[in-house]
Structure formats: structure tokens, C-alpha cells
Amino acid sequence: MSAVLERAYPGARAQLKRRILAGALACFNEQGIEPTTIEMLKERCDASVGNLYHHFGSKEGLVAALFFAAMDDQTVLRDERMAQAQDLREGVAALVYSYVDWVVAQPELARYVFQARSAVAKGPHGPELLQRNRVLGKALMAWFTQPERLAQLRDWPAELFPSLIIGQAENYCRAWLSGRVKSSPGQYREMLAEAAWSSVARPGI
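All values reported here derive from a predicted model rather than from experimental measurement. (Residues numbered from 1 in each chain as written. Predicted model: local features only at pLDDT ≥ 70, side-chain atom pairs only at ≥ 80, totals over all residues. Heavy atoms only, no water.)

Caption draft 1: Inspection of the pattern of salt bridges at higher detail. Across all of its chains, the model carries 14 salt bridges by this definition. Close ionic contact of D101 with R81 constitutes a salt bridge, the shortest N to O distance being 2.9 Å. One end of the pair, D101, is in helix α6 (residues 88-105); the other, R81, is in helix α5 (residues 59-84), and 20 residues separate them in sequence. R81 gets classed as partly exposed once you look at its relative accessible area, which sits at 25%. With a closest N to O distance of 3.5 Å, E190 and R189 form a salt bridge. Using a relative accessible area of 45% as the deciding quantity, one classes E190 as partly exposed. Counted as one network, the salt bridges with shared partners bring together R81, D101, R189 and E190. (Salt bridge = Lys/Arg side-chain N within 4 Å of Asp/Glu carboxyl O. Helix = DSSP H or I, 4+ residues; strand = E, 2+ residues; numbered from the N terminus. Buried < 20%, exposed > 50% of the residue type's maximum accessible area, 1.4 Å probe, protein only.)

Structure (C-alpha cells):
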């Protein structure tokens, strides 16, 4: 987790900001986002109320900053894996592997992302989240809709494919993070990738 925050806010001058974000992550995961108060954050982060508002503007700003740091880190890993994919099947696997590997490497942030998405979407930073999702979705669609790749996909609505590819991995990761299953998602990454491929590939390919 500290490595993610370091990548998002590098350098000595951002040390206090990283400390606030790390404390907030622990607080939000333990208490929940809505019940967490500024006073709780002040105590947990060892920072003044002035520091919190100076760096993040509001509790909602802090929630969003932490969420976007995690989202950006996930995206970097996804893009690295996608850049190595040589064909459609490898691209599907790259999406699943990058998702699973990030969750396994960053379970506390992943747990936070699942609970924070709705809060960010409904809050003052919702338009930014919407715009980020549009950019990410457009980039993925551009990769998957190249003619030679498109010919291998089922003739289904394009908006279905992200859910078909990631949905099964996401569901298992949620169960693992909540303790409902014990085996790490990393143990099943190949099976999850194979299931994703079976969901989107034209029969017989």
C-alpha cells in the first residue's frame, strides 16, 4: 500500500499527504466511510484538521484522492500487461491477470475500492470518476475492436464485454476480501482467464 501512495504522491514534500491517506485507508476499512468522522481521521492520521482540509478540501476529497490513487495504480498495471498481449486471447488474459494480481498485492486498497466506488460516484467527484471511466473504456474498446480481434468476439453488445471478462474475477476477489472464501484469487487466475475467454470468444475459436 505504501508503494502505491508513493507512486501517486512521490517525494519528501508529499510525506504528510501519504501519511494522511494511509491513516484514512485504515480508518475507512475499519469503520466504514460514512461513519468515519473528521475527528477520527485527525486522530488516526496524526494530523490537524487544517492539514486534512488543506491537502484534500473535505472528507469527500480525501475519499476520492485515495480511490483515484488506487484506480490509477490498477490502470498502470493493466496497461503494462495489455501492451504485451499479442492477440485477443492474450488480451483477455492480461485483463484478468492484472486485475487479480493487483487485488492480491493490495488487499487493503482493493477492499477500500469496493466500498468507496459508490461514495465517489455519488459525491462531488462523481463527474471526474465518470470521465476517467469513459477514457479507460474508450481505450479498451479501441484495443478490442480492431478488425482481426473483433472477428473473434461473440456478436454481442460491446458494453457487455468488460463485465463478461472481469465479472467472474471481481466476484471471487470480493468473496476472498470478505473472508467468504479462503483460497487466494492468484491460485485461480488461469481458470478465471479461461472462463473469461469462454464467455466472450466466438464458439469454435
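Still more ground to cover, so stick around.
Caption draft 2: View of helix α7 (residues 107-122). Its 16 residues place the ends of α7 24 Å apart at the C-alpha level, agreeing with the 22 Å of an ideal helix rising 1.5 Å per residue. Within α7, the axis deviates most sharply at A116, by approximately 45°. Taken residue by residue, α7 has L109, A110, Y112, V113, F114, A116 and V120 as its buried positions. Where α7 is buried, its residues meet α1 (2-8), α2 (15-31), α5, α6, α8 (126-144) and α10 (161-177). (Expected span 1.5 Å × (residues − 1). Bend = angle between axes of the 7 residues up to and from the residue. Contact = heavy atoms within 4.5 Å.)

Caption draft 3: The environment of Q168, seen in detail. Along the chain, the position of Q168 falls in helix α10. By relative accessible area, Q168 is classed as partly exposed at 35%. Sequence-wise, Q168 and G11 are 157 residues apart; in three dimensions their C-alpha atoms are separated by 38 Å. Leave out the neighbours within four places in its chain, and Q168 touches S163, L192, A195, A196 and S199.

Caption draft 4: Layout of the packing of aromatic side chains. According to the stated counting rule, one finds four aromatic pairs in the structure shown. Look at F28 and Y112: their rings are 5.8 Å apart centre to centre, the planes differ by 25°, and that puts the pair in the stacked class. Taken as a pair, F28 in helix α2 and Y112 in helix α7 lie far apart in primary sequence, 84 residues in all. For the pair W143 and F144, a centre-to-centre distance of 5.0 Å together with 70° between the ring planes defines the contact as edge-to-face. Pair check on accessibility: W143 and F144 agree, each one buried. Positioned over the ring face of F56 is K17, at 6.0 Å from the centre of the ring. Sitting over the face of the ring of W143, R149 holds its NZ or CZ atom 3.8 Å from the ring centroid. (Phe/Tyr/Trp six-rings, centres within 6.5 Å; stacked < 30°, edge-to-face > 60°. Lys NZ or Arg CZ within 6 Å of the ring centre and 35° of its normal.)

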